[in-house]
Amino acid sequence: MLIVLESILWVIRFFFGACIFSFLNVVIDRLPRAESVVNGRSHCTNCGRVLHAWELIPCVSYIFLRGRCAGCKSRIPGRDFFVEVIGGAAFIGCGIRYGCGSLGLLSMRGTVMLSYFGILLVVALIDWDTQIIYDRFHIFILIANIWLVPEHGLIDRLIGALIISVPMLLLALAIPGAFGGGDIKLMAVSGAFLGTGSVVCAMFFGLLTGGAYGAFMLKSKKLGKKDVFAFGPFLAFGLALAALYGNQIVTWYLHFL
């Protein structure tokens, strides 16, 4: 009986996380179009029809509607569904890794980390669509620094803020377009949040995945040598990975030195 109740609780946690990230879908969709993310009811971006409550159930509605608007039958972006799934999985992952407090909700550390992952996802997808990283997201990460991960001291955070962002800035000044200002600020505030080792690890994986993507696009001739692409999604991936496993990866690497 206890196993059943515990399973139900984890399902509830999954949908709670999916609900949070469903709102992030609204942010990803509306912010680049300069629409309010808090005012105005959810609507189909194709026909403008206001959505009913049963069309807004995270994950479930997309499956029930078979990925199409109930009114105009236009396709609902599959990305919206996967963002909600990622939200549910992230909530469960943070609950397992950082623990849950009273009422089955996330601990303070788990809540901060879930917020950070949500910010990274929004940054990645908006940057992918527009090649813009809004300064408000850097501010949100700075606010999260109020509840910094306790194992990182002030010096470590300060070095973390500078060790990647300063070389990126110098490279951007030497080679216009090498990095965007949003990328540089993202690594600065994330370095202060994660610490030196983790932000170096994040940059490594960002360069690895971004470089692989760029090489593939060049080889397939979908991009030219002078074309640019959004690097923020790859940095966000590296930062998310480093937030989860950065310290372990750095410790593992240092064993070989």
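Provided above is the structure to which this section pertains.
Quick caveat: nothing in here was measured; it's all calculated off a predicted structure.

A. Geometry of the overall build of the chain. The number of helices and strands found in the chain is 10 helices and 0 strands. Helices (α) and strands (β) of the chain occur, in sequence order from the N terminus, as α-α-α-α-α-α-α-α-α-α. Overall, the C-alpha framework of the chain stretches about 55 × 50 × 35 Å when taken along its three principal axes. Counted over contacts in the chain with a minimum sequence separation of 6, partners at least 24 positions apart contribute 64%. When the accessible surface of the chain is summed, it comes to about 14,500 Å², and 71% of that surface belongs to carbon and sulfur atoms. Each charge class in the chain was averaged separately, 20 positive and 13 negative side chains, and the resulting centres sit 7 Å apart.

B. Highlighting the nonpolar core. In terms of nonpolar packing, the biggest core is built from 51 residues, with Tyr116, Phe137, Met187 and Leu239 touching the most fellow members. Elements with a minimum of two residues in this core: helix H1 (2-30), helix H3 (78-98), helix H4 (108-130), helix H5 (135-144), helix H7 (165-174), helix H8 (181-194), helix H9 (196-219) and helix H10 (232-254). When residues of this core are assigned to their parent elements, the largest contribution, 13 residues, is made by H4. Residue contacts for Leu239: discarding those within four places in its chain leaves Tyr116, Leu120, Leu186, Met187, Ser190, Leu194, Val199 and Ala202.

C. Structural context of the environment of Ile12. The topology assignment puts Ile12 in helix H1. Accessibility expressed as a relative area gives 51% for Ile12, which makes it exposed. Put simply, Ile12 and Ile92 are 80 residues apart on the chain and 9.8 Å apart in space, counted from C-alpha to C-alpha.

D. Spatial organisation of the packing of aromatic side chains. The final tally for this structure, using the stated rule, is 17 aromatic pairs. Plain terms: the ring middles of Tyr62 and Phe81 are 5.0 Å apart, the flat faces sit at 25° to each other, and that makes the pair stacked. One end of the pair, Tyr62, is in helix H2 (residues 60-64); the other, Phe81, is in helix H3, with 19 residues separating them in the sequence. With a relative accessible area of 16%, Phe81 lands in the buried category. Ring geometry for Phe229 versus Phe234: centroids 5.9 Å apart, planes at 85°, classification edge-to-face. Look at Phe234 and you get buried, because its relative accessible area is 11%.

E. Molecular detail of unusual backbone geometry. Non-glycine residue Lys73 carries a positive phi angle of around 65°. Inspection of the secondary structure assignment puts Lys73 in the loop between H2 and H3.

F. Spatial organisation of a nonpolar patch on the surface. Together, Val11, Phe15, Trp54, Ile57, Val60 and Phe64 make up an exposed nonpolar region whose accessible area comes to about 560 Å². Taken together, the elements giving at least two residues each to the nonpolar patch come down to H1 and H2. Counting through the fold element by element, Val60 comes out in helix H2. According to the relative accessible area criterion, Val60 is partly exposed, its value standing at 39%.

G. Structural view of the pattern of salt bridges. If you walk through the whole model with that rule in mind, you get 4 salt bridges. The shortest N-O distance in the salt bridge between Arg33 and Asp29 comes to 2.4 Å. A relative accessible area of 37% places Arg33 in the partly exposed class. Put simply, Lys185 and Asp135 hold a salt bridge, and the shortest N to O gap is 2.6 Å. In this pair, Lys185 sits in helix H8 while Asp135 sits in helix H5, placing the two residues 50 residues apart along the sequence. Overlapping salt bridges, with partners in common, bring together Asp29, Arg33 and Glu35 in one network.

Reading the values: rules and limits
Residues numbered from 1 in each chain as written. Predicted model: local features only at pLDDT ≥ 70, side-chain atom pairs only at ≥ 80, totals over all residues. Heavy atoms only, no water. Helix = DSSP H or I, 4+ residues; strand = E, 2+ residues; numbered from the N terminus. Contact = heavy atoms within 4.5 Å. Areas by Shrake-Rupley, 256 points an atom, 1.4 Å probe, with all protein chains shown as cover. Lys, Arg positive; Asp, Glu negative; His and termini not counted. Charge placed at Lys NZ, Arg CZ, Asp CG, Glu CD. Core = buried A, V, L, I, M, F, W, Y, C linked by side-chain atoms within 4.5 Å. Buried < 20%, exposed > 50% of the residue type's maximum accessible area, 1.4 Å probe, protein only. Phe/Tyr/Trp six-rings, centres within 6.5 Å; stacked < 30°, edge-to-face > 60°. Patch = residues over 30% accessible without salt bridge, like charges linked within 9 Å, V, L, I, M, F, W, Y side chains within 5 Å. Salt bridge = Lys/Arg side-chain N within 4 Å of Asp/Glu carboxyl O.

Any link to function would need more than the numbers given here.
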